[in-house]
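# Structural characterization, general
Listed below are the residues making up each chain.
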Amino acid sequence: KLFEAGVEIRKADPVLEVTQNGDEMTIVSRATTTRFQRVVVTSASPLAARLCPGLSAPSRALHEGILYQGIVCASVVLKKPLNGAYITYITDPDVPFTAVIEMSALVDRKEFAGRTVVYLPYYATSDDPAFLESDESIRERFLGKLLAMYPQITAEDVEGFAVSRVKQVLAVTTMNYSAALPPINTNVPGLSILNSAHIINGTLNVNETIGVVDDHLATLLNATWSKA
C-alpha cells in the first residue's frame, strides 16, 4: 500500500498547510493536525504551491506558472428529456454555455426518479466575469437559451437549478509544456505533488486521471528519497 491512511483537505479550510516535521509530514487542516510519512498533494498546482511552504523557489515558480482553465457549470433537473443525446457541443457564440450534457441519456432515468438531469458547462479563464455573476443572473441567461434550443421544454418543466464554479480545472498546455512541468517528488522528503497538470498526452477525464497515477506510481513510492 502507498498509504496506510488518508486525509481530505478542502480549499475552504481556514488553516491549510503541509509541512515537514522531522521524518514525518504534518498536515494542518482546521483544528486537526495529522502526521504521515508520505503525502501526495493532488490539488491544482497554484493551490499546491500555497499549501506547501517548504517547496524550493524554483519548484514553487513552476507550479505557479501553470495556467488553468476553469468552469462555471449549471445543473438542471427537468421533468422530461431533451433530445436523448448525451453530449451536444455548442459553437454559437450567443449561447452562454459550451455544451449540453444530458446525463439521463447515459444513465437510466429511473436513477433520477424519472427526471432528466442536464449539465450546462461554460469553460473560462479564472478572471472571467462569470465567476462573479450571481446564480440568478446565470439561471436567467442559461435557461433562456436552453428553452429556446428545445422548444418542447417550458419553464414549468424546470424542477431544479444550481450553479457550481471552479477556477482551476484543466491545465492549459503551451509550447514545451512537458519540459516546464514541476517534478512530482519535491525537495521536501516524503512530499509529492501529482495532479491533472501531469496529463500531457490526453484530455482531462477519469481514465486519464487514473492512468497518470499508474504511470507515476514508482515515482510516488520513491518520494522518501527524493532530492528534486
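Here's a quick rundown of the structure. Quick caveat: nothing in here was measured; it's all calculated off a predicted structure.

Although it is not a glycine, Ala 113 adopts a positive phi angle of roughly 55°. Structurally, the position occupied by Ala 113 is in the loop between β7 (99-102) and β8 (116-125). For Asn 176, which is not a glycine, the phi torsion comes out positive at approximately 55°. Following the sequence through the fold, Asn 176 ends up in the loop between β9 (158-171) and β10 (191-193). A relative accessible area of 62% places Asn 176 in the exposed class.

Let us look at the pattern of salt bridges. Overall, the coordinates contain four salt bridges when judged by the stated rule. Where Glu 159 meets Arg 115, a salt bridge forms, and the shortest distance between an N and an O atom there is 2.3 Å. Here Glu 159, found in strand β9, pairs with Arg 115, found in the loop between β7 and β8; they are 44 residues apart in sequence, far enough to count as distant. We classify Glu 159 as partly exposed; its relative accessible area is 41%.

What follows concerns the side chain of Asn 185. Among the structural elements, Asn 185 can be located in the loop between β9 and β10. Judged by its relative accessible area of 8%, Asn 185 falls in the buried class. In this structure the side chain of Asn 185 is engaged in a polar contact, spanning 2.7 Å, whose partner is the side chain of Ser 192.

Across the sheet, five strands lie side by side as β6-β7-β8-β5-β9; this open sheet has antiparallel pairing. Only two strands of the sheet have a single partner each, and these edge strands are β6 (87-89) and β9. In this sheet, adjacent strand axes meet at a mean angle of 20° when their direction is disregarded. Bridge analysis of β6 against β7 gives three bridges, and the strand direction is antiparallel.

Since the α-helix turns once every 3.6 residues, residues separated by three or four places project in the same direction. For helix α3 (residues 135-149), spanning 15 residues, the distance from its first C-alpha to its last is 21 Å, which sits close to the expected 21 Å at 1.5 Å a residue. Looking at α3, one finds that the buried residues are Ile 138, Phe 142, Leu 143 and Leu 146. Within α3, the buried residues cover an arc of 105° as seen down the axis, which keeps them to one side. Among the exposed residues of α3, those oriented more than 90 degrees off its buried face are Glu 136, Glu 140 and Ala 148. Contacts made by the buried residues of α3 are with β5 (68-78), β7, β8 and β9.

Calculation rules
Residues numbered from 1 in each chain as written. Predicted model: local features only at pLDDT ≥ 70, side-chain atom pairs only at ≥ 80, totals over all residues. Heavy atoms only, no water. Helix = DSSP H or I, 4+ residues; strand = E, 2+ residues; numbered from the N terminus. Buried < 20%, exposed > 50% of the residue type's maximum accessible area, 1.4 Å probe, protein only. Salt bridge = Lys/Arg side-chain N within 4 Å of Asp/Glu carboxyl O. Polar contact = N/O pair within 3.5 Å; in protein donor to acceptor, adjacent residues only side chain to side chain. Pairing = 2+ DSSP bridges. Axes fitted to C-alpha atoms, helices over the stretch in contact; angles between N-to-C directions. Expected span 1.5 Å × (residues − 1). Arc of directions from axis to C-beta. Contact = heavy atoms within 4.5 Å.

By themselves, these figures tell us nothing about what the structure is for.
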